[in-house]
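# A closer look at the structure
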Amino acid sequence: MAPRARTSSRSGFKCLHAVKAQLADEGLPKEDLKPLLDLEAKLRQMSVREHSETVSNQRKRRPPSEVLLARVSALIDLLIKAGSDEAETAQIMMRRLVAAGIPPPKQGGDARGWKRLLEWRTDLGHGLVAERAQQEYLAFTRKIATIPAAERV
């Protein structure tokens, strides 16, 4: 739903709530207010559904941030240290990202998203990504290191 329509439905919801409150204050019996209460409940349900659909659709259109890629790279490194294969680990992480609506990194010459993910990770290791991503990688790996090794993987 477009932002304008959402604003309009929010305004309608507020108006309905105000009318219902005014009628209740004027002494209208609760059973006479039931249709308004039912409508208000349906509007609330629709609003929650629209919001969750909008959030997931917004995510699907945006490429992953370098901060997210830095965290994914840290997780790949953690899994490799635990004995997993680099390519397998990158494929698993890429599948998880895609399932969450996050596309593969745009940069990289390979058609396979997991390969582009590994290329981005290599660039991170060589200091070729934004400073903020490098800092996030270091901070995230420090956080991971505070978790006991048996509980990490």
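Look above for the structure.
These figures come from a predicted structure and were not determined experimentally.

### Quick look at the environment of Lys34
On the secondary structure map, Lys34 appears in helix H2 (residues 30–61). In sequence terms Lys34 and Lys20 are 14 residues apart; their C-alpha atoms lie 9.7 Å from each other.

### Digging into helix H4 (residues 86–99)
Taking 1.5 Å of rise per residue, 14 residues should cover 20 Å, and H4 covers 20 Å from first to last C-alpha, within 8% of that figure. For H4, the full list of buried residues reads Thr89, Ala90, Met93, Met94 and Leu97. Buried residues along H4 cover an arc of 130° about the axis, so they all sit on one side. Away from the buried face of H4 by more than 90 degrees, exposed residues Glu88, Arg95, Arg96 and Ala99 are located. Buried residues in H4 make contact with helix H3 (66–81) and helix H5 (113–125). Its side-chain oxygen 3.2 Å from the backbone nitrogen of Ala87, Asp85 forms the N-cap of H4. Immediately beyond the C-terminal end of H4, within one or two residues, lies Gly101, with a positive phi of roughly 90°.

Criteria and thresholds
- Residues numbered from 1 in each chain as written.
- Predicted model: local features only at pLDDT ≥ 70, side-chain atom pairs only at ≥ 80, totals over all residues.
- Heavy atoms only, no water.
- Helix = DSSP H or I, 4+ residues; strand = E, 2+ residues; numbered from the N terminus.
- Expected span 1.5 Å × (residues − 1).
- Buried < 20%, exposed > 50% of the residue type's maximum accessible area, 1.4 Å probe, protein only.
- Arc of directions from axis to C-beta.
- Contact = heavy atoms within 4.5 Å.
- Polar contact = N/O pair within 3.5 Å; in protein donor to acceptor, adjacent residues only side chain to side chain.

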